[in-house]
Amino acid sequence: EAGVVQSPRYKIIEKKQPVAFWCNPISGHNTLYWYLQNLGQGPELLIRYENEEAVDDSQLPKDRFSAERLKGVDSTLKIQPAELGDSAVYLCASSSIGGAVSNEQFFGPGTRLTVL
Amino acid sequence: AQSVTQLGSHVSVSEGALVLLRCNYSSSVPPYLFWYVQYPNQGLQLLLKYTSAATLVKGINGFEAEFKKSETSFHLTKPSAHMSDAAEYFCAVSGKGGSEKLVFGKGTKLTVNP
């Protein structure tokens, strides 16, 4: 079974530029999460989707961040414009309703963003 | 609200020694608890999880953790450290609702010395 796929793995941009990250969850997983991991910290949830609906986006900075999950499968997270403080690792995770008994989430390798 | 405190941002052990990584949680509802491991430049991999069945949970790679409600703890242990255990370890808590977010601790970096 293929795991969660994220691209790109690394991205370097200048401040004020836009950037987008892509995530393909495990096949059949209806719940998708985007987490932000700052250096030396644990991941923090940005947004959670149930199918194509964003059910928890309370931690997403909506002035510059946006996300979408068209057709309830792949998802894209965008930052526009990027700021120096956005340098971090962006992790995508997925889980299935069947896995909701234990809430086990499966993580992708992450995208490491560097803003110069 | 839920939170996790991991005591010790860095832990160093000798190869073959006991590994003990501490995690205390705070939750207003009965929690699910998790330990994840992260190797450099990789995502998080689940080591083990507590979902209100047995309080002693066995995971992969010889790790185990014990849920102690009275101490609000979920410490991770391994009897004998291997060099390959060197990584960062994260404790996380969630509620028991389906697909709830994980709330992570700040992580503990484990170093294994030869």
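Structure shown above.
Here the structure is a predicted model, which means the values were calculated and not measured.

Participant: Got a minute to help me understand the sheet that holds strand 3 (residues 19–24) of chain A in this structure?
Facilitator: Whenever strands of a sheet pair, they do so through backbone hydrogen bonds, lying parallel or antiparallel. All names here are of chain A. Reading across the sheet, the 4 strands line up as 1-3-8-7 and stay open at both edges, with antiparallel pairing between neighbours. Looking along the sheet, the strands with just one partner apiece sit at the ends: strand 1 (5–7) and strand 7 (65–68). Mean inter-strand twist for the sheet, computed between neighbouring axes without regard to direction, equals 15°. In the sheet, strand 3 pairs with strand 8 (residues 75–79) via 5 bridges, with the strands oriented antiparallel. Paired with Trp-22 across the two strands is Thr-76, which belongs to strand 8.

Participant: What am I meant to see in unusual backbone geometry here?
Facilitator: Glycine aside, negative phi is the norm for most residues, and most peptide bonds take the trans geometry. Here the residue pair Ser7(A) and Pro8(A) is connected by a cis peptide bond, since its omega of -10° sits within 30 degrees of zero. Counting through the fold element by element, Pro8(A) comes out in the loop between strand 1 and strand 2 (10–13). The linkage connecting Gln80(A) with the following residue, Pro81(A), adopts the cis geometry, with an omega of -5°. Position of Pro81(A) among the secondary structure elements: in the loop between strand 8 and strand 9 (88–95). Even without glycine at this site, Asn41(B) takes up a positive phi of about 60°. Within the secondary structure, Asn41(B) sits in the loop between strand 4 (32–38) and strand 5 (44–50).

Participant: Any chance you could explain the state of the cysteines here in plain terms?
Facilitator: By definition, a disulfide links the sulfur atoms of two cysteines through a covalent bond. All names here are of chain A. By the definition in use, this model includes 2 disulfides over all chains. Across the disulfide, Cys-23 is cross-linked to Cys-92 (sulfur-sulfur distance 1.9 Å). A torsion of -70° about the S-S bond marks the disulfide between Cys-23 and Cys-92 as left-handed. Taken together, the residues span a long stretch of sequence, with Cys-23 in strand 3 and Cys-92 in strand 9 at a distance of 69 residues.

Participant: Help me understand the pattern of salt bridges, please; the structure alone is not making it clear to me.
Facilitator: Should the charged atoms of two oppositely charged side chains come close, the side chains can pair. Residue and element names in this part refer to chain A. For the coordinates displayed, the defined rule picks out 7 salt bridges over all chains. Here Glu-50 makes a salt bridge to Arg-48, at a shortest N to O gap of 3.0 Å. Relative accessible area serves as the criterion here: at 17%, Glu-50 is assigned to the buried category. Because the salt bridges share partners, they merge into one network encompassing Arg-64, Glu-83 and Asp-86.

Criteria and cut-off values
- Residues numbered from 1 in each chain as written.
- Chains lettered and ligands numbered in written order.
- Predicted model: local features only at pLDDT ≥ 70, side-chain atom pairs only at ≥ 80, totals over all residues.
- Heavy atoms only, no water.
- Pairing = 2+ DSSP bridges.
- Helix = DSSP H or I, 4+ residues; strand = E, 2+ residues; numbered from the N terminus.
- Axes fitted to C-alpha atoms, helices over the stretch in contact; angles between N-to-C directions.
- Disulfide = S-S within 2.5 Å.
- Salt bridge = Lys/Arg side-chain N within 4 Å of Asp/Glu carboxyl O.
- Buried < 20%, exposed > 50% of the residue type's maximum accessible area, 1.4 Å probe, protein only.

Taken by themselves, the reported measurements are silent on function.
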